[in-house]
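# Structural overview
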Amino acid sequence: MSIDELSGSELGTKTYWDRSYNEEIANYKNHGDVGTIWFDEDSQFRVINWILKQETISSDVSIIDMGCGNGMLLIELAREGFSNLLGVDYSENAIKLAKQIAKDQELNIRYQSADLLNTKLCQQQLGTFSIVHDKGTYDAISLCPENPKEKREAYLSTVNCLMNENSLFILTSCNWTEDELLISLADKFIKKCCIPTPTFKFGGKTGSVVTSMVFTKKII
Ligand SMILES: C[S@@+](CC[C@H](N)C(=O)[O-])C[C@H]1O[C@@H](n2cnc3c(N)ncnc32)[C@H](O)[C@@H]1O
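Summarised in this report is the structure supplied together with it. (Residues numbered from 1 in each chain as written. Predicted model: local features only at pLDDT ≥ 70, side-chain atom pairs only at ≥ 80, totals over all residues. Heavy atoms only, no water.)

In a beta sheet, neighbouring strands pair by backbone hydrogen bonds and run either parallel or antiparallel. Strands sit in the order β3-β2-β1-β4-β5-β9-β6 across an open sheet of seven strands; the sheet is mixed. Only two strands of the sheet have a single neighbouring strand rather than two, namely β3 (110-113) and β6 (189-195). Averaged over all neighbouring strand pairs, the angle between strand axes comes to 20°, with direction disregarded. Bridge analysis of strand β1 (residues 62-66) against strand β4 (residues 129-135) gives four bridges, and the strand direction is parallel. (Pairing = 2+ DSSP bridges. Helix = DSSP H or I, 4+ residues; strand = E, 2+ residues; numbered from the N terminus. Axes fitted to C-alpha atoms, helices over the stretch in contact; angles between N-to-C directions.)

What helix α5 (residues 119-126) keeps buried is the set Thr119, Cys122 and Leu126. Around the axis of α5, the buried residues are gathered within 65° of arc, so they sit on the same side. Exposed side of α5, more than 90 degrees from the buried face: Lys120 and Gln124 are the residues found there. Of the surrounding secondary structure, the elements contacted by the buried residues of α5 are β1, β2 (84-89), β3, β4 and α7 (148-161). Directly beyond the C-terminal end of α5, a positive phi value near 90° is found at glycine 127. (Buried < 20%, exposed > 50% of the residue type's maximum accessible area, 1.4 Å probe, protein only. Arc of directions from axis to C-beta. Contact = heavy atoms within 4.5 Å.)

What follows covers the environment of leucine 86. Mapped onto the elements of the fold, leucine 86 is located in strand β2. Under the relative-accessibility criterion, leucine 86 is labelled buried at 3%. Sequence-wise, leucine 86 and tyrosine 111 are 25 residues apart; in three dimensions their C-alpha atoms are separated by 5.5 Å. If we skip the residues at most four places from it in the chain, leucine 86 touches Ile63, Ile64, Asp65, Leu74, Arg110, Tyr111, Gln112, Leu126 and Phe129.

For the rest of this paragraph, the subject is the site of the ligand. Neighbouring residues of the ligand: 16 residues in total, closest Tyr21, Gly67, Asp89, Asp115 and Lys135. Lysine 135 is positioned such that a nitrogen or oxygen atom in its side chain is 2.6 Å from an oxygen atom of the ligand. A distance of 3.3 Å is found between an oxygen atom of the ligand and a side-chain nitrogen or oxygen belonging to threonine 137. Residue assignment for the shell around the ligand shows that the elements contributing at least two residues are α1 (14-31) and α6 (137-142). Residue classes in the shell around the ligand are distributed as nine nonpolar, four polar and three charged. (Near = heavy atom within 4 Å. Polar contact = N/O pair within 3.5 Å; in protein donor to acceptor, adjacent residues only side chain to side chain. Nonpolar A, V, L, I, M, F, W, Y, C, P; charged D, E, K, R; others polar.)

Listed below in structure tokens is the structure:
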């Protein structure tokens, strides 16, 4: 089964993110504004609350945030006591902003710039993690104006390489439904659960604005 690709947008380009985080750095310096938290703070706290409820997840588990942006999810996890945190983004400006925010809040979070489409390099440089987290990055990659399908697949290969047999992949998307994610991820991942998100009803059908799902790695 296949899915229809999304129309390309500037959100799928590095130029867009470099420019956007450059503006956010200036806003942070001038007004202390940390910038955009994609899909709002509630999406972030739903994921954090889900993690906190899992008895098998201790505060020293390794967590990578893929396409971390300003790093606010990691900031909140650090405040909850998580100590083994890495944020990765291909925009140097995002990493600069995230590092400055963490430093100002005296929180110990590692950040690294890397292109998550470069599976081989990521595998060599990053290692494996107990939790691989993504909010909005798979979405951004899906919006690449050129070869989005190949890029989505390269990204999912990177995610797969950063996981071991017990790792969790937590994915929050506003562009793809649960059914579409299940089709796209079926080759490499198995659904563990959905993190409930608010739903709306229209014309007798129920839908969600965002989808948050947890996957494990398919062991072949
Ligand atoms: C919608 S933003 C989400 C930011 C953050 N996760 C959040 O929830 O606020 C998408 C992020 O993915 C990053 N990104 C997009 N493509 C990437 C790639 N190939 N490698 C690394 N980061 C990427 C962008 O720079 C941007 O920070």
